Amino acid sequence: DAKTTQPPSMDCAEGRAANLPCNHSTISGNEYVYWYRQIHSQGPQYIIHGLKNNETNEMASLIITEDRKSSTLILPHATLRDTAVYYCIVRSPQGAQKLVFGQGTRLTINP
Amino acid sequence: DAGVIQSPRHEVTEMGQEVTLRCKPISGHNSLFWYRQTMMRGLELLIYFNNNVPIDDSGMPEDRFSAKMPNASFSTLKIQPSEPRDSAVYFCASSSLNRDYEAFFGQGTRLTVV
């Protein structure tokens, strides 16, 4: 699996957009970018994934650069409940490929 | 569906004892994963199964750890003998092969070995 680099921590004000960056410069052509988050004391939760086009769902938006070497997860209107560790993962979609978690970004939403 | 169910939620045991962690994946899911989480090492994948068959156990730390999946609705992770350094939160997750981008995690088992 390609490795990812994320800032260890970030802060964001409640109600503002939270933009979480991820570098994956060694990503290969068939590897997707996945985002998960882990709220304190809970298991990780899937947020969104994408290959090269920008994606949006009810939780977040994912912006992937044209060269696919980096991406940004956007939480458009952060709430206190979005405080969590956010993990960016790259992997191939074929078969039951494993999810390998890095250290992630600890996002704190401040009132 | 109740989601991925793990038991027990908490386990405290003495060093040298056998520990068995249990997992019931979501019905219909084909893949099952066991993870361990500590402050020092983060989330580590221990082993995963596809259609009840172990695919990759390279993350299993040593022979004291073993995992089985006798059927599609049940898996165990066993540590024998347990050691204090095994203290961690152990997560089980499952996913469906046709939606394998989304793995669902259980609430975890917090293991303390004293």
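Please refer to the structure higher up on the page.
Think of each chain on its own: its residues are numbered from 1, step by step along the sequence as written. The naming scheme follows written order: chains are lettered A onward, ligands numbered 1 onward. Whole-chain, interface and lining totals are the exception, using all residues; otherwise, since this is a predicted model, local features are given only for residues with pLDDT of at least 70 and side-chain atom pairs are given and counted only at 80 or more. Processing note: side-chain calculations cover all non-hydrogen atoms of the structure and skip hydrogens and water entirely.

Q: I'd like to hear about the overall build of chain A, residue by residue, with values.
A: In this text, helices come from DSSP runs of H or I with a minimum length of four residues, and strands from runs of E with a minimum of two, each type numbered from the N-terminal end. Across its full length, chain A carries 0 helices and 9 strands. Scanning chain A from its N terminus toward the C terminus, one meets helices and strands in the order β-β-β-β-β-β-β-β-β. Based on C-alpha atoms, the radius of gyration is set beside the globule rule, defined as 2.2 Å times the residue count to the power 0.38. For chain A, whose C-alpha radius of gyration is 13 Å, the value lies close to the compact-globule estimate of 13 Å for 111 residues. For chain A, the C-alpha atoms occupy an extent of roughly 40 × 30 × 25 Å along the three principal directions. Exposed residues in this analysis have more than 50% of their type's maximum accessible area, buried residues have under 20%, and partly exposed residues fall in between, with area computed by a 1.4 Å probe over protein chains only. Per-residue burial over chain A gives 44% buried out of 111 residues. Look at the contacts in chain A between residues 6 or more apart in sequence, and 57% of them connect residues 24 or more apart. Computed with a 1.4 Å probe, the accessible areas rest on the Shrake-Rupley method; for each residue, only the protein chains presented here act as cover. If you sum the accessible surface of chain A, you get close to 5600 Å²; carbon and sulfur atoms cover 48% of it. Only four residue types enter the charge count: Lys and Arg as positive, Asp and Glu as negative, with His and the chain ends excluded. In plain terms, the charge of a residue is placed at NZ if it is Lys, CZ if Arg, CG if Asp and CD if Glu. One way to put it: in chain A the 10 positive side-chain charges average out to a point 5 Å from where the 9 negative ones average out. Note on contacts: a residue pair qualifies if any of its non-hydrogen atoms lie within 4.5 Å across the two residues.

Q: Just give me the short version of the state of the cysteines, but keep the residues and values in it.
A: Note that a disulfide, as used here, is simply two cysteine sulfur atoms within 2.5 Å. In the structure shown here, the tally under the stated rule is 2 disulfides over all chains. Disulfide partner of B:Cys23: B:Cys92, at an S-S distance of 1.9 Å. Around the S-S axis, the bridge from B:Cys23 to B:Cys92 shows a dihedral of about -70° and counts as left-handed. Of this pair, B:Cys23 sits in strand E3 (residues 19–24) while B:Cys92 sits in strand E9 (residues 88–95); the two residues are 69 residues apart in sequence, bridging distant segments of the chain. Using a relative accessible area of 0% as the deciding quantity, one classes B:Cys92 as buried. Cysteine A:Cys12 is unpaired, with the sulfur of A:Cys22 as its nearest cysteine sulfur at 18 Å.

Q: So what about the interface of chain B and chain A? Which residues, and what values?
A: Taken together, the contact between chain B and chain A spans 21 residues of the former and 19 residues of the latter. Once two parts are put together, the accessible area they lose, assessed with a 1.4 Å probe and summed over both, is termed the buried area. With both chains or domains summed, chain B and chain A bury close to 1600 Å², and 51% of this area falls on carbon and sulfur atoms. Ranking the residues of chain B by area buried against chain A places B:Leu43, B:Asp100 and B:Tyr101 at the top, with a combined share of 34%. Each reported salt bridge corresponds to a side-chain nitrogen of Lys or Arg within 4 Å of a carboxyl oxygen of Asp or Glu. Inspection of the chain B/chain A interface yields 0 salt bridges. In the analysis that follows, any N or O atom pair within 3.5 Å is treated as a polar contact, provided that within protein one partner can donate a hydrogen and the other can accept it, and provided that, for residues neighboring in sequence, both atoms belong to side chains. Between chain B and chain A we count 3 residue pairs in polar contact (both at pLDDT 80 or more) in total. Elements supplying a minimum of two residues to the side of chain B that touches chain A: strand E4 (31–38) and strand E5 (42–50) of chain B. The greatest single-element share of the side of chain B that touches chain A, amounting to 5 residues, is contributed by E5(B). Polar here means any residue other than Ala, Val, Leu, Ile, Met, Phe, Trp, Tyr, Cys and Pro, which are nonpolar, and Asp, Glu, Lys and Arg, which are charged; Gly is therefore polar. Class assignment for the residues of the side of chain B that touches chain A results in 10 nonpolar, 7 polar and 4 charged.

Q: Mind laying out the pairing of strand E4 (residues 45–50) of chain A, listing which residues take part and the relevant values?
A: All names here are of chain A. Counted residue by residue, E4 has 5 buried out of 6 residues, so it is predominantly covered. Only strands that DSSP links by at least two bridges are regarded as paired with each other. Sheet analysis places strand E3 (residues 32–38) next to E4, joined by 5 bridges and oriented antiparallel. Note that in E4 the partner of Trp-35 across the bridge is Ile-48. Where E3 folds back onto E4 in an antiparallel hairpin, the turn is made up of 6 residues, including Ser-41, whose phi is positive at roughly 70°.

Q: Report on the pattern of salt bridges, specifying residues and quantitative values.
A: The final tally for this structure, using the stated rule, is 9 salt bridges over all chains. Two residues, A:Arg37 and A:Asp82, come together in a salt bridge whose shortest N-O distance is 2.8 Å. Of the two residues, A:Arg37 is situated in strand E3 and A:Asp82 in the loop between strand E7 (70–75) and strand E8 (84–91); the sequence distance between them amounts to 45 residues. The pair A:Arg37 / A:Asp82 is uniform in exposure class, with both members buried. Close ionic contact of B:Glu44 with B:Arg36 constitutes a salt bridge, the shortest N to O distance being 3.2 Å. Assessed through its relative accessible area of 16%, B:Glu44 is described here as buried. Each member of the salt-bridge network shares a partner with another, and the members are B:Glu62, B:Arg64, B:Glu83, B:Arg85 and B:Asp86.

Without other data, these values stay purely geometric and don't point to any function.
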